[in-house]
Amino acid sequence: MTTNKPGSQLALGDSAARQLANTTKTVAQLSTITPRWLVYLLQWLPVEAGVYRVNKVKNPGKVEVACGKQDESELPQTFVDYEEKPREYVLNTVSTVLDVHTRISDLYNSPHDQIKEQLRLAIETIKEQQEGELINNKEYGLLSNVAKSQRISTRNGAPEPDDLDELITKVWKEPAFFLTHPLGIAAFGRECTHRGVPPPTVSLFGSQFLTWRGLPLIPSDKVPVENGKTSILLLRVGAQRQGVVGLFQPGLVGEQSPGLSVRFMGIGRNAISSYLISLYCSLAVLTDDALAVLENVEVGKYRQ
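Since the structure is predicted, the reported quantities are computational estimates derived from the model, not experimental observations.

Right, let's talk about the overall build of the protein chain for a bit. Each helix and strand in the protein chain was counted, giving six helices and 15 strands. For the protein chain, whose C-alpha radius of gyration is 28 Å, the value lies well above the compact-globule estimate of 19 Å for 304 residues. Along the longest, intermediate and shortest principal axes, the C-alpha atoms of the protein chain span 125 × 60 × 35 Å. Sorting the 304 residues of the protein chain into buried and exposed places 39% on the buried side. At a minimum sequence separation of 6, the contacts of the protein chain that also span at least 24 residues come to 75%.

Pasting the structure below:
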């Protein structure tokens, strides 16, 4: 009978065994990646030469027509005038230069392609910035382009069903969806539950969304929350509906997706390879009544 000394090892241990084992590795995880629902829900229009002009009618209320005439009196004479200086939207650029040392891509390229992964993460970051610009850009962002007549404020701070009903009256012609911060959706859900009218849900893109009057409430963390308050937007989308449309530049060199290109810039004397990543986009509100906003939405109010 063999007697083992206390603390002696009888077989190969875990730590040593792992030296000969393969480890399954994930790709790099980036916590800032979001679904970016707004980008998916917009209609995207190709723009030639990077400029999109929105022409409007100048005198819609002065166009005269006749109805039910049964005599020989003259018909009204009219014409439809156009604005002489229509607004033009110039595509915005979101770009960066990605640098990868050739030694890194040569030596540490398995099981995951280092260049591919670096490009993926950089592109995801650029697309997140794109959605942020669509909402917050001072020139073309949604919040900056709501007409004064389309802005309303909450009645009692927290977003109540009555507030969203009033918002619908501002975009009553084929509204598509609400857009707000996730905290704004939670605040609205609390108010609905307090009133005994919990909002129903709908499945879109494999995810569940709260709805009100059949319109989904789409979350985006790019909608600002300042001093405990946020905004709830309501949009009509599509060119045929005279709504909100996204704009992109087609036919780019190195195009990866609409408006997004990746170009290899070469390898410098320091053995670093560089890639130019560019995304060209903008947004246009075709008519004032395609967009409205509920302002001063308190997100920290709770019911006892």
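So, about the nonpolar core. Counting 46 residues, the largest nonpolar core has Tyr 52, Leu 142, Leu 179 and Leu 235 as its most contacted members. At seven residues, strand β14 (residues 272-285) tops the list of elements feeding residues into this core. The contacts of Leu 142, once residues within four sequence positions are left out, are Leu 38, Leu 134, Ile 135, Leu 179, Leu 233, Leu 235, Val 244, Leu 283 and Leu 291.

On to the packing of helix α5 (residues 161-170) against helix α6 (residues 182-195). Contact geometry of α5 with α6 gives a least axis separation of 9 Å together with a crossing angle of 115 degrees. Together, Pro 161, Asp 162 and Leu 164 of α5 and Phe 188, Cys 192 and Arg 195 of α6 make up the contact between the two elements. Of the residues in the contact of α5 with α6, the class split is four nonpolar, no polar and two charged.

Looking at the element boundaries, Gln 150 is found in the loop between α4 (114-136) and β5 (151-153). Taking relative accessible area as the criterion, Gln 150 reaches 7% and is therefore assigned buried. Looking at Gln 150, its side chain comes within polar contact range of the main-chain oxygen of Lys 170, at 2.9 Å. In this view, Gln 150 contacts Lys 170, Val 171, Asp 288, Asp 289, Leu 291, Ala 292 and Val 293; residues no more than four positions away in its chain are not counted.

For the rest of this paragraph, the subject is the packing of aromatic side chains. On inspection of all chains with the given rule, the structure shows five aromatic pairs. Ring centres 6.0 Å apart and planes at 45 degrees place the aromatic pair Tyr 40 and Phe 205 in the tilted group. In this pair, Tyr 40 sits in helix α2 (residues 37-41) while Phe 205 sits in the loop between β7 (201-204) and β8 (207-212), placing the two residues 165 residues apart along the sequence. Note on Phe 264 and Tyr 275: the rings are 5.2 Å apart at their centroids and 45 degrees apart in plane angle, and the pair reads as tilted. A residue pair is termed long-range when its members are at least 10 positions apart, and Phe 264 in strand β13 (residues 260-267) and Tyr 275 in strand β14 qualify at 11 residues. Here the aromatic cluster, defined as three or more aromatic residues joined through ring pairs, consists of Trp 37, Tyr 40, Phe 205 and Phe 209. Across the ring face of Tyr 302, the terminal group of Arg 190 is positioned such that the distance to the ring centre comes to 3.9 Å.

Our next topic: the pairing of β7. As judged from the four bridges shared by β7 and β8, these two strands associate in the antiparallel manner. Bridged to Leu 204 within β8 is Ser 207.

What counts, and where the lines are drawn
Residues numbered from 1 in each chain as written. Predicted model: local features only at pLDDT ≥ 70, side-chain atom pairs only at ≥ 80, totals over all residues. Heavy atoms only, no water. Helix = DSSP H or I, 4+ residues; strand = E, 2+ residues; numbered from the N terminus. Rg over C-alpha atoms; globule rule 2.2 N^0.38 Å. Buried < 20%, exposed > 50% of the residue type's maximum accessible area, 1.4 Å probe, protein only. Contact = heavy atoms within 4.5 Å. Core = buried A, V, L, I, M, F, W, Y, C linked by side-chain atoms within 4.5 Å. Axes fitted to C-alpha atoms, helices over the stretch in contact; angles between N-to-C directions. Nonpolar A, V, L, I, M, F, W, Y, C, P; charged D, E, K, R; others polar. Polar contact = N/O pair within 3.5 Å; in protein donor to acceptor, adjacent residues only side chain to side chain. Phe/Tyr/Trp six-rings, centres within 6.5 Å; stacked < 30°, edge-to-face > 60°. Lys NZ or Arg CZ within 6 Å of the ring centre and 35° of its normal. Pairing = 2+ DSSP bridges.

By themselves, these observations are geometric and do not establish any function.
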